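Survey of secondary and tertiary structure
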Amino acid sequence: MAVVVLAVVLALAFPEVVFGGKTMLPGNVAGVMGQAPPYGFEGEEPADNFRLDRGASAWQIEPWTDKSRQAYGDGDIPLWNPNAGAGAPLLANMQSAVFNPLRLPVLISSSPYMWDLYLLGRFLLGGLAAFLFARRLGMVAPAGLVTGAGYILSGYFMLYSNDHWLDVYLVLPLVLYAVEIIIRHGRASGVALLAAAVAFSLLAGMPESSMLTLLLAGGYAAYRLASSALEEGDPRAAARRGLLLSMGFVAGFALAAP
């Protein structure tokens, strides 16, 4: 039910893409940050009120992803980009996010349909994660759906819908959900989910955003661990949960170590 509702919400938020044959790709952009026209350009720059940073994806993310797809297609790991100056790291660049599992559609094909599937699909996954987190906190289903829809349709996400760093923020609810699973149930299975969510955040390719969101998640984990320990009065159970949380975060960094 949540997936269907969130999919309908996204279709209503992006009707030109879902129904009108448009794409979320900005195409060739000559301006800076999507606002300044090219140097010496005397014509009228087409207005784009929904994507304030068209340049980031047109200049960087799309070309890097194309190079990664070519390398994978040749049976290689995308270590090096020979087309940037005299050559530049691709895997070690981090922002190229060559191991980001969310980009699987565009690593298979560079068609606008695949790009839209990736860009909109991550909104759907982020909304579902926010819904699950809200439900785990005790919200009823309608409140959880409002939480999920409100999160993915926030103004910042809509204005930068074509930028890759939103992957980090859209994974954040999954990290918090995994923390809550460990705090409430103390199960080792929660460690695997937390590790995967942390790895997804780091593999998204924006270290600044990952640092902020993982600091937030770590603070939330510390708060929930302390509050649950005070409520239950069981130091051994709190210590076990703290160990599981630590294992999840460390394992997530280890998975993203490449």
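In the block above lies the structure referred to throughout.
Below is a summary of the structure that appears in this document. (Residues numbered from 1 in each chain as written. Predicted model: local features only at pLDDT ≥ 70, side-chain atom pairs only at ≥ 80, totals over all residues. Heavy atoms only, no water.)

**Brief notes about a nonpolar patch on the surface**
For clarity, the cut-off: Distance thresholds for patches are 9 Å for like charges and 5 Å for nonpolar side chains (Val, Leu, Ile, Met, Phe, Trp, Tyr), applied to residues having over 30% relative accessible area and no salt bridge. Here, Shrake-Rupley sampling with a 1.4 Å probe gives the accessible areas, and only protein chains in the shown set may cover a residue. Every case where a carboxyl oxygen of Asp or Glu lies within 4 Å of a side-chain nitrogen of Lys or Arg is listed as a salt bridge. Runs of H or I in DSSP of at least four residues are treated as helices and runs of E of at least two as strands, each being numbered from the N terminus.
A contiguous nonpolar surface patch, about 510 Å² in accessible area, is contributed by Y72, I77, L79, W80 and F99. With respect to the helices and strands, L79 occurs in the loop between helix 3 (54-73) and strand 1 (80-81).

**A few points about unusual backbone geometry**
Leaving glycine aside, a negative phi is the common case for residues, and trans is the common case for peptide bonds. Our working definition: Relative accessibility thresholds used throughout: buried, under 20% of the residue-type maximum; exposed, over 50%; partly exposed, between the two (1.4 Å probe, protein chains only).
In the Ramachandran plot, M94 falls in the positive-phi region, its phi being about 70 degrees despite a non-glycine side chain. Along the polypeptide, M94 turns up in the loop between strand 2 (88-89) and helix 4 (104-108). What makes M94 partly exposed here is its relative accessible area of 32%. Look at A97: it is not a glycine, yet its phi comes out positive at around 50 degrees. With respect to the helices, strands and loops of the structure, A97 is situated in the loop between strand 2 and helix 4.

**Section: the nonpolar core**
Proteins that are soluble and globular tend to have nonpolar side chains buried together. As a reminder, the rule being used: The set of buried Ala, Val, Leu, Ile, Met, Phe, Trp, Tyr and Cys residues whose side-chain atoms join them within 4.5 Å is what this entry labels a nonpolar core. For this analysis, residues touch if any pair of their heavy atoms sits within 4.5 Å.
Residues V179 and L194 are the most contacted members of the largest nonpolar core, which totals 53 residues. Of all the secondary-structure elements, those providing two or more residues to this core are helix 1 (2-13), helix 3, helix 5 (112-136), helix 6 (141-152), helix 8 (166-185), helix 9 (189-203), helix 10 (207-232) and helix 11 (235-255). A per-element tally of this core places helix 8 first, with 14 residues. Leaving out residues up to four positions away in the same chain, V179 has contacts with L194, Y220, A221, L245 and F249.

**As for the packing of helix 1 against helix 5**
As a reminder of what qualifies: Interaxial angle, 0 to 180 degrees, is taken between N-to-C directions of lines fitted to C-alpha atoms, where a helix line uses only the stretch in contact. Angles below 35 degrees are treated as roughly parallel, those above 145 as roughly antiparallel, those between 65 and 115 as roughly perpendicular, and all remaining angles as oblique. Crossings are classed by handedness, with left-handed meaning an anticlockwise turn of the near helix from the far one by less than a right angle and right-handed meaning a clockwise turn. We call Asp, Glu, Lys and Arg charged. Ala, Val, Leu, Ile, Met, Phe, Trp, Tyr, Cys and Pro are nonpolar, and the rest, Gly among them, are polar.
Axis separation between helix 1 and helix 5 bottoms out at 10 Å; the angle between their running directions is 135 degrees. Judged by the angle between their axes, helix 1 and helix 5 are oblique. By crossing handedness, the relation of helix 1 to helix 5 is classed as right-handed. Here A2, V3, L6, A7 and L10 of helix 1 come into contact with helix 5, specifically with L120, F123, L124, G127, L128 and F131. Of the residues in the contact of helix 1 with helix 5, the class split is 10 nonpolar, 1 polar and no charged.

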